[in-house]
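What follows is each chain in one-letter form.
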Amino acid sequence: MRLVTYIIRRLLLMIPTLLGVSILVFIISLAFTPEQRAALYVTSPKGAARIYEIIEKYGLNRPPHEQYFTWLSNVLQGNLGYSKSLNIPVARAFTELWPVSLEITLYAAPFIVLVGIKLGKISAIHRDKLPDHISRVLAIIGWSLPIFWSAIILLAVFYGALGIFPPGRLSPEAQAIVRSPGWVTYTGLYTIDALLNCNLFVFFDALRHLFLPVLNLVIVDNAIIMRVMRSSMLEELHKEYVIAARSKGVDEDVIINKHVTRNALIPVVTLAGILTAGLMTGLVITETVFELKGIGYWAAHAAEQLDIPSVLAFALFTGVIFVIANLIVDVLYAYIDPRVRLQ
């Protein structure tokens, strides 16, 4: 099966999967009273005063299947309800807060995955030697650290003691530029928008504020990538095709880089997909400690205040992100190991 055909088939399979996710989220919403679910159809503060009119209008006392199609129709039109925790429509909250989490992911995920793969590879090749011991100790330390504790230590050292890498997204000077009439917001990601606005001051200021949260995530999360890569590499190194290649005198670098590493990447790709999807759906602790009001910070506060529309929208959003992440992982499987397309 050609790769394009495989991708098209996987895209078609996404449709029933996404419908299943929406049905599951809707079923969860039925646990709430019609008054609480009416908030899903509110789009302004004035609408909150007309709850009983909304219940009648959208048939929230009708059979569940009728309610589901009404709710799904609103979701597809971008009406996700009104967030009482932020006092703005939920759709607007997503457009304002998701770029914060997405920007952290944009810089953290490549380092987490690439550093983890490199350390795991070095560790497996030099098994039971000094590089292996160092990599394993680093992995154990990284994986053992509570993420809030490492975040506080980084802040204490780099901001409290050295006065560099402050929390937040931008300095007051950069915020003044971003709020000025001449600034054009393209993506909501300050580093990308700064480049598009040709403003290097804002770009480097945003990078300076991203350094600590990204470093914290790399320290903690690449440990698991490293361990999985090491285990997978060791398993591949003992397979018959490696022994046969070595007996025929094939160069060791060719065996490691062209054959073993490629085959060892399959489980790592799965884990990297899950990790990246998790980063994109918000980082409650990291965003809280570093004063980055992203989607994770909002979801936690919405849950505290029983903000039903926000919580349900977040659940739906998380499901969609993980479905897309699974699609990307499946495509990478097919690219790394063509036999996957034939199964």
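In this text the structure is predicted, and so the values were computed from the model without any measurement.

### Regarding the overall build of the chain
So, step 1. Helices and strands together make up the secondary structure of the chain, namely 16 helices and two strands.
So, step 2. Its C-alpha atoms put the chain at 80 × 55 × 40 Å along the principal axes.
So, step 3. Per-residue burial for the chain yields a buried fraction of 45% across its 343 residues.
So, step 4. Considering only contacts in the chain between residues 6 or more positions apart, those separated by 24 or more positions represent 73%.
So, step 5. Of the roughly 18,100 Å² of accessible surface on the chain, 67% is carried by carbon and sulfur atoms.
So, step 6. Within the chain, one finds 28 positive and 24 negative side-chain charges whose respective centroids are separated by 5 Å.

### Observations regarding the packing of helix H5 (residues 90–125) against helix H15 (residues 308–336)
So, step 1. Axis separation between H5 and H15 bottoms out at 10 Å; the angle between their running directions is 55°. Taken as axis vectors, H5 and H15 run oblique relative to one another. When you trace H5 past H15, the crossing you get is right-handed. Contacts between H5 and H15 involve Val-90, Phe-94 and Trp-98 from the former and Pro-309, Ser-310, Ala-313, Phe-314, Phe-317 and Ile-321 from the latter.
So, step 2. Looking at side-chain class alone, the contact of H5 with H15 contains eight nonpolar, one polar and no charged residues.

### Some points on the pattern of salt bridges
So, step 1. Scanning the model with the defined rule gives nine salt bridges in all.
So, step 2. With a closest N to O distance of 2.9 Å, Glu-103 and Arg-169 form a salt bridge. On the criterion of sequence distance, the pair formed by Glu-103 in helix H5 and Arg-169 in the loop between helix H7 (147–161) and helix H8 (172–178) is long-range, its members being 66 residues apart. Each member of the pair, Glu-103 as well as Arg-169, carries the same accessibility label: buried.
So, step 3. In this structure, the salt-bridge partner of Arg-136 is Asp-132, at a minimum N-O distance of 3.5 Å.

### Observations regarding unusual backbone geometry
So, step 1. The phi torsion at Asp-128 lies on the positive side, around 65°, for a residue other than glycine.
So, step 2. With respect to the helices, strands and loops of the structure, Asp-128 is situated in the loop between H5 and helix H6 (130–144).
So, step 3. Even without a glycine there, the phi angle at Phe-165 is positive, about 50°.

### Considering the packing of aromatic side chains
So, step 1. Throughout the structure, instances matching the rule amount to 11 aromatic pairs.
So, step 2. On the numbers, 5.1 Å between centres and 85° between planes, the contact of Phe-94 with Trp-298 is edge-to-face. Of the two residues, Phe-94 sits in helix H5 while Trp-298 sits in helix H14 (residues 295–304), which places them 204 residues apart along the sequence.
So, step 3. Note on Trp-298: relative accessible area 2%, which makes it buried.
So, step 4. An angle of 75° between the planes, with centres 5.1 Å apart, marks the rings of Phe-203 and Phe-204 as edge-to-face.
So, step 5. Chaining the aromatic ring pairs together yields one cluster made of Phe-26, Tyr-68, Phe-69 and Trp-71.
So, step 6. Just above the ring of Tyr-190 sits the side chain of Arg-169; from NZ or CZ to the centre is 4.0 Å.

### Examining the nonpolar core
Nonpolar side chains in soluble globular proteins generally cluster together in the buried interior.
So, step 1. In terms of nonpolar packing, the biggest core is built from 40 residues, with Ile-112, Ile-117, Leu-217, Ile-225, Met-229 and Met-233 touching the most fellow members.
So, step 2. Elements with a contribution of two residues or more to this core: H5, H7, helix H10 (200–237), helix H11 (240–247), helix H12 (252–280) and H15.
So, step 3. Discounting residues that sit within four places of it in the chain, Met-229 has contacts with Gly-116, Ile-117, Gly-120, Lys-121, Thr-261, Ala-264, Leu-265 and Val-268.
So, step 4. In this structure, Val-21, Val-25, Leu-72 and Leu-316 belong to the second largest nonpolar core, which totals 21 residues.

### Things to note about the layout of surface pockets
So, step 1. The volume enclosed by the largest pocket comes to roughly 530 Å³.
So, step 2. Contributions of two or more residues to the lining of the largest pocket are made by H5, H8 and H14.
So, step 3. Of all the elements, H5 adds the most residues to the lining of the largest pocket, at five residues.
So, step 4. Grouping the constituent residues of the lining of the largest pocket by class yields nine nonpolar, seven polar and five charged.
So, step 5. Quantified by volume, the second largest pocket comes out at close to 420 Å³.
So, step 6. Along its surface, the second largest pocket is lined by 19 residues, and Ala-272, Gly-273, Thr-276, Ile-328 and Leu-332 are the ones closest to its centre.
So, step 7. Listing elements by their share of the lining of the second largest pocket, those giving two or more residues are H5, H12 and H15.

### Things to note about empty space enclosed by the protein
It is a probe the size of a water molecule, rolled over the atoms, that shows where empty space is left.
So, step 1. Scanning the model with the defined rule gives two cavities of 30 Å³ or more in all.
So, step 2. Empty space within the largest cavity amounts to approximately 60 Å³.
So, step 3. Lining the largest cavity are Val-100, Glu-103, Ile-104, Gly-168, Arg-169, Tyr-190, Ala-206, His-209, Leu-210 and Leu-292.
So, step 4. A class-by-class count of the residues in the lining of the largest cavity yields six nonpolar, two polar and two charged.

Calculation notes
- Residues numbered from 1 in each chain as written.
- Predicted model: local features only at pLDDT ≥ 70, side-chain atom pairs only at ≥ 80, totals over all residues.
- Heavy atoms only, no water.
- Helix = DSSP H or I, 4+ residues; strand = E, 2+ residues; numbered from the N terminus.
- Buried < 20%, exposed > 50% of the residue type's maximum accessible area, 1.4 Å probe, protein only.
- Contact = heavy atoms within 4.5 Å.
- Areas by Shrake-Rupley, 256 points an atom, 1.4 Å probe, with all protein chains shown as cover.
- Lys, Arg positive; Asp, Glu negative; His and termini not counted.
- Charge placed at Lys NZ, Arg CZ, Asp CG, Glu CD.
- Axes fitted to C-alpha atoms, helices over the stretch in contact; angles between N-to-C directions.
- Parallel < 35°, antiparallel > 145°, perpendicular 65-115°, else oblique.
- Left-handed = near helix turned anticlockwise from the far one by under 90°.
- Nonpolar A, V, L, I, M, F, W, Y, C, P; charged D, E, K, R; others polar.
- Salt bridge = Lys/Arg side-chain N within 4 Å of Asp/Glu carboxyl O.
- Phe/Tyr/Trp six-rings, centres within 6.5 Å; stacked < 30°, edge-to-face > 60°.
- Lys NZ or Arg CZ within 6 Å of the ring centre and 35° of its normal.
- Core = buried A, V, L, I, M, F, W, Y, C linked by side-chain atoms within 4.5 Å.
- 1 Å grid on protein atoms, 1.4 Å probe; cavity = no way out; pocket = protein on both sides within 12 Å on 5 of 7 lines; lining within 4 Å.
- Points joined across faces, edges and corners; volume = space filled by probe spheres on them.

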